[in-house]
Amino acid sequence: MAATKSLSRRDALMLGGVAAGAVAMGFVGGCASDAPSNNQGEQGGEGAAPEFVSLTEEERAAAVNNPIFMGAKHNKNGKEIVPVEMYNGGLAPEICAEYDKEFDPQLIEVVPGRAYCSVGSTNANSVMVLGDTGVIIVDTAETVGTAQMDYDQFKTVEGVADRPVVACIATHDHYFGGTSAYVGEGNPGNIPVIAHERFMEAKTGASAMNGPSMGMRATRQFGFMLPQEGPDALVGAGMGRFMSNPKDEEKKPGFIEPNTLIPESEEFTEKVIDGVRIQFWPLVSDSIGSMNIWFPDLKLAITNHVWNAFYNSYPLRGQIYRDPSDTIKAIDIALDWKPEYHCACHGLPLVGAEECEREIGAYRDSLQFMYDQTLRGMNNGLAPDDVVRSITFPDEIIYAAKTKPLYGDTEYYIRAIYSGLVGWFGNDAIELHPVSKEFESKKFIEALGGVDAALAECRQVLDDSQWAWAATLATHVLRVQADNAEAKGIKAAAFRQMGYLSMDSSSRNWYLTEAINLETGEQLPWAGSPAALAGGLASAERNYIVRILGINLNPDRARGMDKTLTFRFTDTGDAETMRVVNCVARSIRGAADAPDVELQMPFALIPAIVAGQTTFKEKIGDGSIQLKGDAATLDSILGVFDMAL
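Bear in mind the structure is a predicted one, so any value in this text is a computation, not a measurement.

Within the secondary structure, Ile293 sits in strand 12 (residues 291-295). On the basis of relative accessibility, which here comes to 0%, the residue Ile293 falls in the buried class. In this view, Ile293 contacts Ile169, Thr171, Ile278, Gln279, Phe280, Leu300, Ala301, Ile302 and Trp337; residues no more than four positions away in its chain are not counted.

Turning to helix 17 (residues 485-501), a few remarks are in order. In this model helix 17 runs 25 Å from its N-terminal to its C-terminal C-alpha over 17 residues, within 8% of the 24 Å that 1.5 Å per residue would give. Judged by how many residues are buried, helix 17 sits mostly within the fold: 15 of 17 residues are covered. Measuring from the side-chain oxygen of the N-cap residue of helix 17 to the backbone nitrogen of Glu486 gives 3.2 Å; that N-cap residue is Asn484.

Direction vectors running N to C along helix 17 and helix 18 (residues 505-520) enclose 155°, while the axes themselves pass 8 Å from each other. Classified by the angle their axes make, helix 17 and helix 18 are roughly antiparallel. Crossing of helix 17 over helix 18 shows left-handed handedness. Together, Lys488, Lys491, Ala492, Phe495, Arg496, Met498, Gly499 and Tyr500 of helix 17 and Arg508, Tyr511, Leu512, Glu514, Ala515, Ile516, Leu518 and Glu519 of helix 18 make up the contact between the two elements.

What follows is about the pattern of salt bridges. This structure, assessed with the given rule, holds 28 salt bridges. Note that Glu486 is salt-bridged to Arg459, the shortest N-O span being 2.5 Å. Residue Glu486 is located in helix 17, and its partner Arg459 is located in helix 15 (residues 451-463); the two are separated by 27 residues in the primary sequence. For Glu486, a relative accessible area of 15% corresponds to the buried category. Salt bridges sharing partners connect three or more residues here, namely Glu57, Arg60 and Asp464.

A separate point is the state of the cysteines. All chains considered together, the criterion is met by zero disulfides. Residue Cys343 stays outside any disulfide, its sulfur separated by 4.4 Å from that of Cys117, the closest cysteine. You can call Cys343 buried: its relative accessible area is 0%.

Our focus in this paragraph is the side chain of His342. Position of His342 relative to the elements: it lies in strand 14 (residues 341-344). In this structure His342 comes out as buried when scored by relative accessible area, which is 2%. Within polar-contact distance, the side chain of His342 engages the side chain of Thr303 at 2.9 Å. Every residue in contact with His342, bar those within four places of it in the chain, is listed here: Leu300, Ala301, Thr303, Val306, Pro349, Leu350, Cys356 and Ile360.

Of the residues in the protein, 89% have a pLDDT of 70 or more, and the chain-wide mean is 88. This model gives residues 1-47 a pLDDT under 50, and the stretch forms 95 contacts once residues within four places in sequence are excluded.

The topology assignment puts Glu457 in helix 15. For Glu457 and Ala470, which are 13 residues apart along the polypeptide, the C-alpha to C-alpha distance reads 8.2 Å. Other than its neighbours up to four places away in sequence, Glu457 contacts Phe52, Trp469 and Leu473.

All right, on to helix 18 then. Between the first and last C-alpha of helix 18 there are 22 Å, a value that for 16 residues agrees with the 22 Å anticipated at 1.5 Å per step. Summarising burial for helix 18: 14 of the 16 residues are buried, a large majority. Trailing helix 18 by a residue or two, Gly521 shows a phi angle of about 75°, which is positive.

The next subject is the sheet that holds strand 16 (residues 562-569). Strand pairs in the sheet, formed through backbone hydrogen bonds, run parallel or antiparallel to each other. Ordered in space as 18-17-16-19-20, the five strands form an open sheet in which the pairing is mixed. Edge positions in the open sheet fall to strand 18 (584-589) and strand 20 (626-629), since each of these has one partner strand only. If you compare each strand with its neighbour and ignore which way they point, the axes differ by 20° on average.

Most of strand 12 sits inside the fold, with five of its five residues counted as buried. Of the two faces of strand 12, the one holding Met291, Ile293 and Phe295 and the one holding Asn292 and Trp294 are both buried throughout. In this sheet, strand 12 lies alongside strand 11 (residues 276-282) in antiparallel orientation, the contact comprising four bridges. Paired with Trp281 across the bridge in strand 12 is Asn292. The pairing of strand 12 with strand 13 (residues 300-303) spans three bridges and is classified as antiparallel. Looking at the pairing, Ile293 lines up with Ile302 of strand 13.

Reading the values: the criteria
Residues numbered from 1 in each chain as written. Predicted model: local features only at pLDDT ≥ 70, side-chain atom pairs only at ≥ 80, totals over all residues. Heavy atoms only, no water. Helix = DSSP H or I, 4+ residues; strand = E, 2+ residues; numbered from the N terminus. Buried < 20%, exposed > 50% of the residue type's maximum accessible area, 1.4 Å probe, protein only. Contact = heavy atoms within 4.5 Å. Expected span 1.5 Å × (residues − 1). Polar contact = N/O pair within 3.5 Å; in protein donor to acceptor, adjacent residues only side chain to side chain. Axes fitted to C-alpha atoms, helices over the stretch in contact; angles between N-to-C directions. Parallel < 35°, antiparallel > 145°, perpendicular 65-115°, else oblique. Left-handed = near helix turned anticlockwise from the far one by under 90°. Salt bridge = Lys/Arg side-chain N within 4 Å of Asp/Glu carboxyl O. Disulfide = S-S within 2.5 Å. pLDDT = per-residue confidence, 0-100. Pairing = 2+ DSSP bridges.

What follows is the structure in structure tokens.
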């Protein structure tokens, strides 16, 4: 559908800079006119660029895996994607508006009189199961505030307000930050807080080491910087309406470390809690510390494997490989239970044996289809991009009740499987030692005839709704002229239209965040604060401090150094040693016999130092840390790290 406009995008962008980008931001239908465009290059006369000809639908479809990003009328599945205005003015495909209705805050009675699911307070659900005398809570949201919203919902059930909480259970480590709302700060009653034995490892382990990077990427993925109203407004975090509920202004943490751990070595562990028989099944999902919960007498399953949208095999914020085979195995076990009720960590519950079997089975099969077809392409010698283009997901998956790709795009998942199984390398040896992106763009721009000619082409393809190609051309210009305002405006305009057309929230949020960044010139940083590393330190392994320092070691400063620093923790009675040698910081358990320097200190000071709130030198100065050894030697060791220590 061609849209009418009083000022063409080409003319608007000729105004230059941010103003041009802003004029061009109004959504224009995602398909171009069938008639050739008469737009010319700026030069005119002798040597002028040839007349610009609009792409055909076939050419648009051939240019990118999802043709709508090149202005085609239909996506790969032949469906027309039309953005509509959401409840807050945000523009997104109509399918997203339907999906959003699932997240209206509500309490759902799942098992009559016995189990209830609170939906919509945050990005994940909480479930309450009634025991003989009290209530059992499964997952506790992200903060005290959002947990209290869920708890207030639960208390509307007759008699619940007078019942004690007898246990809290974590399906995994992602949504368990509001536990103190149920058991009190510090859990004074020592109420069972139950989790997988690798829960803390998942929360503070290897994947947490890149906390600053992941935090910056998550800001884009979840749309934290998007406005609350208007076309760019946040309309979904994938598994819920938002990752951080704006009504929870305090964002108070309420994490309680689990005191009852479920062994990974057993197929399942069965417990009876307040008269309720519960089976805990340790099964990997998007976390190594995940377990599914089965209430055999209630026929109720609670899983972190069957969601309300296609399983996020790869999140744009980054994560270790999530093998779909693990998820398929877990879902097969859940199907064997023959549940009559199912609560996922995200989305509306399933009620009825027939609905459970149909929807859980379809979810399982969607993952097998993706996994099998990716392997099929790999085994036929296809490179990652070719595998992506070879797979068309059937409508039974893309438009089924629980498997719509509304959190992430299936393209990302296919690439993740390829990389997870064989690594980053495709089949073309050019990938082994490629020229730099900057060199490539410089030569590309030269071949087009210079920056002015490239920008003229940018304007024409943008006017032809070739969003993905316009953004690509503008990127080449920006690698040559990083401050080129017109290129920024064109790239922002293209990203904005791609965001409005994106079914999945992760792509939409990322595109729109980057569009705003390009327009305002206030780019979100890619380097995160060290404070992101400090959050889990208090309950992490003691050698975690050495590992955090190690990933901040500057090798140029550490050349030729071989020195040891022992941390002797006075509040815990243990010690860790760091040896800086070969341009790495080795972690050695315990105290060294004769370290170059020793620091005697409470471990409780470490998080504040890592977060940049104080330094070792300051705490030595006020007597909180005792230094054994030479201060100059300590300075030389600490000086090899990027962090201010």
